[in-house]
Amino acid sequence: MAETVLNVENLTKEYASGDRTLTVLDHVTFEIQAGSRQAIIGPSGSGKTTLLGLCAGLDVPSSGTVTLMGFKLNAMNEDDRAYLRNQYTGFVFQNFQLLPTLTAIENVMVPLELRGDKNVQTRARELLGRVGLGDRLHHFPSQLSGGEQQRVAIARAFITAPRILFADEPTGNLDEENAGQVVELLLDLNQQEKTTLVLVTHNLELAKRTDRILRMKGGRVVEEMLMPVS
Amino acid sequence: MIEYYIRLKRKVLPLWRDRWVWKMAWRDARHNRSRLFLLVASLITGIAAVVAIGSLNHSLQEALDQNAKELLGADIVINSNKPLPVEVTSRLDTLKVPTAADAEMASMVMFMNTKQSRLVKLTALRGDFPFYGQMVTLPPNAYEQVRNGRYAILDETLATQFEVSSDDSLKIGNKMFKVAGVVTKMPGGGGLTSTLAPSVYISLSELDSTGLVQFGSRISYSLFVKTADEKQTEKVVEKIKPMTKKFRYSYETVERRKEGLGRSFRSVYQFFTLLAFVALVLGCIGVASSVHIYAREKREDVAVLRCVGSTGWQAFNIYFIQVFFLGLFGSVAGAGLGAAIQKIIPVVFKNFIPVDLPFSISWTSVLEGLLLGAIVSVLFTVVPLAAVRFVPPLTVLRTESKQVSRRSRLKLIVIILIVLFPVLAATWQTNSLMKGLVFSLGLAAALGLLALVAWALLRLVRRFFPAHAGFIFRHALSNLYRPNNQTQVLMVTIGLGGFIIATMNTVQHSLLGQVEFRGNTNQSNTILFDIQPSQKAGVISLMKDYQLPLNQTVPIVTCRIRELKGRKVEAMMSDTTNRIPDWALGREYRVTYRDSLHISESMLKGEMQHFVKGSKDSVWVTISEGMQETLRVDVGDSLVFDIQGIPLRTKISGIRKVDWPKDPPNFIFVFPSGVLEQAPQIWVTATRVGEGGSASRFQQELVMKFPNVSLVDLRLILSTVESLFAKISVVVRFLALFSIITGLVVLAGAVVNSKFLRIKENVLLRTLGARTRQITQITLIEYAYLGLFAALTGILLSIGASWTLCRFFFEIDLSVAWLALLIVGSAVTLMTMLIGWYNSREVISTPPLQVLRKEG
Ligand SMILES: Nc1ncnc2c1ncn2[C@@H]1O[C@H](COP(=O)(O)OP(=O)(O)OP(=O)(O)O)[C@@H](O)[C@H]1O
Ligand SMILES: [Mg+2]
């Protein structure tokens, strides 16, 4: 039996708006196995980003638990969660989120350097080569196109060989061609590195290429579809 | 479902071993170094000012130490207002020490080349004075000539003013003196002394022949003694000390002069130090406010870093390292600049310094500057950066994630330190906790009030700005209110320098207004002194000949106080618990007698009493308000005066309030008529002299006929006071300039800080069809508003502060120097426009496309 990398139980997130509370996530429960690929889909405002943020420990739930790689996130402080993210996770965002003052290769190296690893250049160079940016190592984000920036972000996400990768609408800001490239990269790397993939997307075509689709609506998982192995 | 919990083994590296943090700090800084530099640039001027003033102090102390003997010109000086009695001189003779002497008095001198005359300080010299230092004359042998004949030399300023050259002569008293040369340097005589009282020097042996030494003339005699060593000095002191009380003279040694000078310089120096310190505090505010914006801008980057695993402290440290090292760099630059400014300082301060200042860099001050800079770079960056630690990582998903405002212990400690910082630093600079506290509170109050005025002004402008004004004007105004624009901080920082200069100008104007003689009122502007009783009728008829009004004819009797409230003044002066100052007890009083109040006077308490002939009772006298406080006497208290050796028992009958500058002369003590008529006395008359030829003809004839009568032109005093102020204000302006420059640097930083926001706005405007010309106009007008508002803030507050100072400290009416304020206001506005525009050039010229890329 495959190892459980992420366990979500009765996850609830509420926001106080004025005098009433707004329930954004309502008792969500699921489990994700190592190496699998998940897509979270659903209408705007259904709570996808909120769920992803909670799973990655970027935010704290109102109730319920998130267990990532066996660590119960609720019990940890912010810095410990940061350490956990560095050890086991990778991120790709809709708006890329590269550090504007760092070059492409420096952006990619950050997570490993944070660990205190030495000689991370080679790995960063190799990864940038794999995403097709071998000749743009020393360019700053402002000198790269949106698609290129997203590929740098992917290289950064994979440099730590994360056990689980969170991506929030990674193709949302890209045209079709670039979006295609990015999707292929994500799936390839997932295959090669055995990374678990958690994708939030509006793109059904992309969702269909995963193992499982969770459909959300009004803060609940309303449907779970297992895809035939492609 | 298995539920287990594993403890994480996260190791925390200390800052200095966390290589990643240092690497990130460097990488992040390398591409906008110029911008980061502006974060701390406002420190430079502040540190420079503090270092420059500190260095000045050190070299001044050093120079005083080295030249102390030159300041006095001798080892001991004995001062008296009578020639020293033989009892004293014979004692000195037994010691066989070389002596020199001088006698100083105010006298009229007529410059024969132009027949103009002026009241000067006449100094009659004997012997080899100065023993130390050098009297520099042109030609060099001029003093030799003076010693051996009827020659005079005069201060350079005087010679220039009256165009005197070497073949001219001066009429001093009854005699003519040939001019032997000019004095360019006199030991101990600073620039201020010669401004206040320019001197003419003659030989002491010629003084009697001038006929100036008459009854009632005030002459101060000094005897200069040169000793072989400290021991001999002590011996001399031993000899002369016991008789000081008896013969009413005082003496000064080099040590005492040094202490006295040191003390007076210290207070001047402390005042200047605090002015310099204002610039530093402004710099701190500048640093804090720009680091605050910087931290806010870095929020998203921090969120990304936290997302990939950095701790809050690591993120904080990245930016802290940057600003700290930049702060150090700024301090080094500031200390360098301050040391360089040393070169200018002797020029600016030359009127305050009686000795030549060597150009030397004081490493103590430089170190102090660096230390201050380091402290400031920690204190004033930690608070604004503290927010970085708590940026929620969720920001990567939702930009406007709410920041949980957390109170951290670090921040609290630092805030306490920040509050203490100015108090401690000012205390350190002035060596007085009280001064440190007063200064800090004063500065805090000034800043608080400036902030308040700025806030009110901004609200009022917003409220009442004409709605139908042109688009450009309205848009430029609304730019001032953009979020995070720091408009108020800028108004305060730019306004403070303007505030200092404007306050100084207004107070100066008000003080001068006091001395000024207004329009067509018949107030006296000329006073004739030292008229002997035998000359009185002649002087009055001369005045009549020239149709001059005889505003006052007043007798003056000189006397001293012998007993106060039943106690002998000698006893009081040697009593250390006595709180009445010695100068007030021992001085000579010039009193008059009359039975009515003068127009400048009013009774505060009691009344003027007439003298009843034949009465055996005490004489009733009135005293002026200020002296009544100094002498601690009240109505009914008794006083015994010594009038030329004859005791006179009196009682205080009333206290007069005297408006001193109004229609002089005015008096401390006024006796009733019928008592002093027979006492030796001199007369004073007051009149109003017009401009032009008849005035100077009168003066000529007066000096010719009555050479011992001194004519004091009050207008001349006015111009003297004016030039004195001019000299002080050079220094104040010089130091206030540091504050203004600091304010402008803060402005430059803020402009660059808001660059991206402003580029976005401009692109939007361009997309909507604005042309470059319009965008330039909007930018210029925006900074014109800012400058104007800042200047207004400073000026408004300065009027309030000046009013307070004039009303309660100087006790005079406020008179606002509108022209000066207009100049200050326009200068501040123009500079602000210039700095704002200069730093916005890139913003104005950026083409829209580039911005869209940057957004990407
Ligand atoms: N801080 C907050 N306070 C109040 N409501 C919030 C807050 N953050 C999110 N929400 C609400 O939670 C709901 C879910 O938001 P979320 O961003 O998770 O939706 P989403 O499914 O990611 O939508 P989209 O597809 O548009 O990205 C929304 O209705 C949003 O308004
Ligand atoms: Mg979303």
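Residues numbered from 1 in each chain as written. Chains lettered and ligands numbered in written order. Predicted model: local features only at pLDDT ≥ 70, side-chain atom pairs only at ≥ 80, totals over all residues. Heavy atoms only, no water.

**Student:** Let's hear about the overall build of chain B: which residues, and what values?
**Tutor:** Along its length, chain B carries 28 helices and 21 strands. Seen through its C-alpha atoms, chain B measures out along the principal axes to roughly 120 × 70 × 60 Å. Expressed as a percentage of contacts within chain B between residues at least 6 apart in sequence, the contacts between residues at least 24 apart total 83%. Summed over all atoms, the accessible surface of chain B reaches about 39,600 Å², with 60% contributed by carbon and sulfur. (Helix = DSSP H or I, 4+ residues; strand = E, 2+ residues; numbered from the N terminus. Contact = heavy atoms within 4.5 Å. Areas by Shrake-Rupley, 256 points an atom, 1.4 Å probe, with all protein chains shown as cover.)

**Student:** Residue-level account of the overall build of chain A, with values.
**Tutor:** Within chain A one finds 7 helices and 10 strands. What you see for chain A is a C-alpha radius of gyration of 17 Å, in line with the 17 Å of a compact globule of 230 residues. By its C-alpha atoms, chain A is 50 × 45 × 40 Å across when sized along the principal axes. For chain A, buried positions account for 58% of its 230 residues. Restricting to contacts in chain A with at least 6 residues of sequence separation, those with at least 24 account for 69%. Roughly 9,300 Å² of accessible area belongs to chain A as shown, and the carbon and sulfur atoms make up 47% of that amount. (Rg over C-alpha atoms; globule rule 2.2 N^0.38 Å. Buried < 20%, exposed > 50% of the residue type's maximum accessible area, 1.4 Å probe, protein only.)

**Student:** Please give an account of the site of ligand 1 that cites residues and values.
**Tutor:** In the neighbourhood of ligand 1, 14 residues make up the surrounding shell, with Ser44, Lys48, Thr49 and Thr50 of chain A together with Arg398 of chain B lying closest. Neighbouring residues of ligand 1 are not confined to one chain but are distributed across chains A and B. Within the side chain of histidine 202 of chain A, an N or O atom sits 3.1 Å from an oxygen atom of ligand 1. Out of a free accessible area of 640 Å², ligand 1 has 66% covered by protein chains. (Near = heavy atom within 4 Å. Polar contact = N/O pair within 3.5 Å; in protein donor to acceptor, adjacent residues only side chain to side chain.)

**Student:** Break down the interface of chain A and chain B for me, citing the residues and quoting the values.
**Tutor:** Contacts between the two partners involve 46 residues from chain A and, on the opposite side, 38 residues from chain B. Roughly 3,800 Å² of surface becomes buried between chain A and chain B when both sides are summed, with 59% attributable to carbon and sulfur atoms. Linking chain A with chain B are 6 salt bridges, by the criterion used here. Between arginine 30 of chain B and glutamate 106 of chain A there is a salt bridge whose closest N-O contact spans 2.6 Å. Ranked by the residues each element gives to the side of chain A that touches chain B, the list is headed by helix α2 (residues 78-88) of chain A, at 8 residues. Residues that form the side of chain A that touches chain B fall into these classes: 19 nonpolar, 14 polar and 13 charged. (Buried area = accessible area lost by both parts, 1.4 Å probe. Salt bridge = Lys/Arg side-chain N within 4 Å of Asp/Glu carboxyl O. Nonpolar A, V, L, I, M, F, W, Y, C, P; charged D, E, K, R; others polar.)

**Student:** How would you summarise the side chain of threonine 171 of chain A if you had to cite specific residues and measurements?
**Tutor:** Residue and element names in this part refer to chain A. For threonine 171, the position within the fold is in the loop between β7 (164-168) and α6 (176-193). The class of threonine 171 is buried, set by a relative accessible area of 10%. Setting aside its immediate chain neighbours within four residues, threonine 171 contacts Ala179, Val182, Val183 and Asn203.

**Student:** Go over the domain arrangement of chain B with me, naming the residues and quoting the values.
**Tutor:** All names here are of chain B. When the domains of chain B are assigned, the result is domain 1 (1-70 + 258-431), domain 2 (71-257), domain 3 (447-518 + 715-856) and domain 4 (526-714). Between domain 1 and domain 3, the C-alpha centre-to-centre distance is 25 Å. Contacts between the two partners involve 31 residues from domain 1, matched on the other side by 24 residues from domain 3. Overall, the association of domain 1 and domain 3 removes approximately 2,500 Å² of surface from exposure, summing both partners, and the carbon and sulfur fraction of that is 79%. (Domains from an automatic or database assignment.)

**Student:** Could you give an account of helix α8 (residues 230-240) of chain B, with specific residues and numbers?
**Tutor:** Residue and element names in this part refer to chain B. Inspection of α8 places Gln232, Thr233, Val236, Val237 and Ile240 among the buried residues, and these make up the whole buried set. Projected onto a plane normal to the axis of α8, the buried residues spread over an arc of 145° and lie on a single side. Across from the buried face of α8, at angles greater than 90 degrees, the exposed residues are Lys231, Glu234 and Glu238. (Arc of directions from axis to C-beta.)

**Student:** Give me the sheet that holds strand β4 (residues 63-68) of chain A: which residues, what numbers.
**Tutor:** All names here are of chain A. The 4 strands lie next to each other as β2-β1-β4-β5, forming an open sheet whose pairing is antiparallel. Taken across any chain shown, the strands that pair with only one partner, and hence form the sheet edges, are β2 (20-33) and β5 (71-72). Strands in contact with helix α1 (residues 48-55) are β1 (4-17), β2 and β4; relative to β2, the strand with the most contacts, it is inclined by about 60°. (Pairing = 2+ DSSP bridges. Axes fitted to C-alpha atoms, helices over the stretch in contact; angles between N-to-C directions.)

**Student:** Which residues make up the sheet that holds strand β6 (residues 89-92) of chain A, and what values go with them?
**Tutor:** Residues and elements named next belong to chain A. Pairing within the open sheet is mixed, and its 6 strands lie in the order β6-β7-β8-β3-β9-β10. Each edge of the open sheet is held by one strand with a lone partner, namely β6 and β10 (220-226). Taken pair by pair, the neighbouring strands of this sheet meet at an average axis angle of 15°, ignoring direction. Here strand β3 (residues 37-41) pairs with strand β9 (residues 212-217) via 4 bridges, running parallel. By the bridge assignment for β9, isoleucine 40 is matched with leucine 214.

**Student:** Can you explain the nonpolar core? Please cite residues and give values.
**Tutor:** Membership of the largest hydrophobic core comes to 153 residues, with the highest contact counts inside it found for Leu6, Phe30, Leu51 and Phe166 of chain A together with Phe349, Leu385 and Phe789 of chain B. Here this core spans two domains, and each of domain 1 (1-70 + 258-431) and domain 3 (447-518 + 715-856) of chain B adds at least three residues to it. Among the nonpolar cores identified, the runner-up in size contains 48 residues, and Val539, Met543, Tyr546 and Val557 of chain B belong to it. (Core = buried A, V, L, I, M, F, W, Y, C linked by side-chain atoms within 4.5 Å.)

**Student:** Tell me about a nonpolar patch on the surface, and please be specific about residues and values.
**Tutor:** All names here are of chain B. A surface patch of nonpolar side chains, about 550 Å² in accessible area, is lined by Leu412, Ile413, Ile416, Leu417, Leu420 and Leu424. When you line up the elements, leucine 417 lands in helix α15 (residues 409-430). In this structure leucine 417 comes out as partly exposed when scored by relative accessible area, which is 39%. (Patch = residues over 30% accessible without salt bridge, like charges linked within 9 Å, V, L, I, M, F, W, Y side chains within 5 Å.)

**Student:** Residues and numbers for the packing of aromatic side chains, please.
**Tutor:** All names here are of chain B. Within the structure shown, the criterion is met by 21 aromatic pairs over all chains. Residues phenylalanine 316 and phenylalanine 320 carry aromatic rings whose centres are separated by 5.7 Å and whose planes lie at 10° to one another, so their mutual orientation is stacked. In this pair, phenylalanine 316 and phenylalanine 320 both sit in helix α12 (residues 312-341), 4 residues apart, roughly one turn of the helix. Each member of the pair phenylalanine 316 and phenylalanine 320 is classed as buried. Ring geometry for tyrosine 546 against phenylalanine 698: centres 5.5 Å apart, planes inclined by 65°, an arrangement best described as edge-to-face. Of this pair, tyrosine 546 sits in the loop between α19 (536-545) and β12 (552-564) while phenylalanine 698 sits in helix α23 (residues 693-705), and the two are 152 residues apart along the sequence. You'll find tyrosine 546 and phenylalanine 698 in the same group, each marked buried. Grouped by ring-pair contacts, the aromatic residues Trp22, Trp313, Phe316, Phe320, Phe324 and Phe325 constitute a single cluster. (Phe/Tyr/Trp six-rings, centres within 6.5 Å; stacked < 30°, edge-to-face > 60°.)

**Student:** Could you give an account of the confidence of the model for chain A, naming the residues involved and the relevant values?
**Tutor:** Within chain A, residue pLDDT values average 89, and 99% of them lie at 70 or more. At the level of individual helices and strands, chain A shows its lowest average pLDDT in helix α7 (residues 204-207) of chain A, which scores 86, and its highest in β9 of chain A, which scores 94. (pLDDT = per-residue confidence, 0-100.)

**Student:** Explain the pairing of β1 of chain A to me, and be specific about the residues and the numbers.
**Tutor:** Residues and elements named next belong to chain A. In the sheet, β1 pairs with β2 via 10 bridges, with the strands oriented antiparallel. Within β2, the residue paired with tyrosine 15 across the bridge is leucine 22. Counting the residues between successive antiparallel strands, the hairpin from β1 to β2 contains 2 residues, one of them, glycine 18, with a positive phi of roughly 65°. In the sheet, β1 pairs with β4 via 5 bridges, with the strands oriented antiparallel. Directly across from leucine 6, in β4, lies its bridge partner leucine 68.

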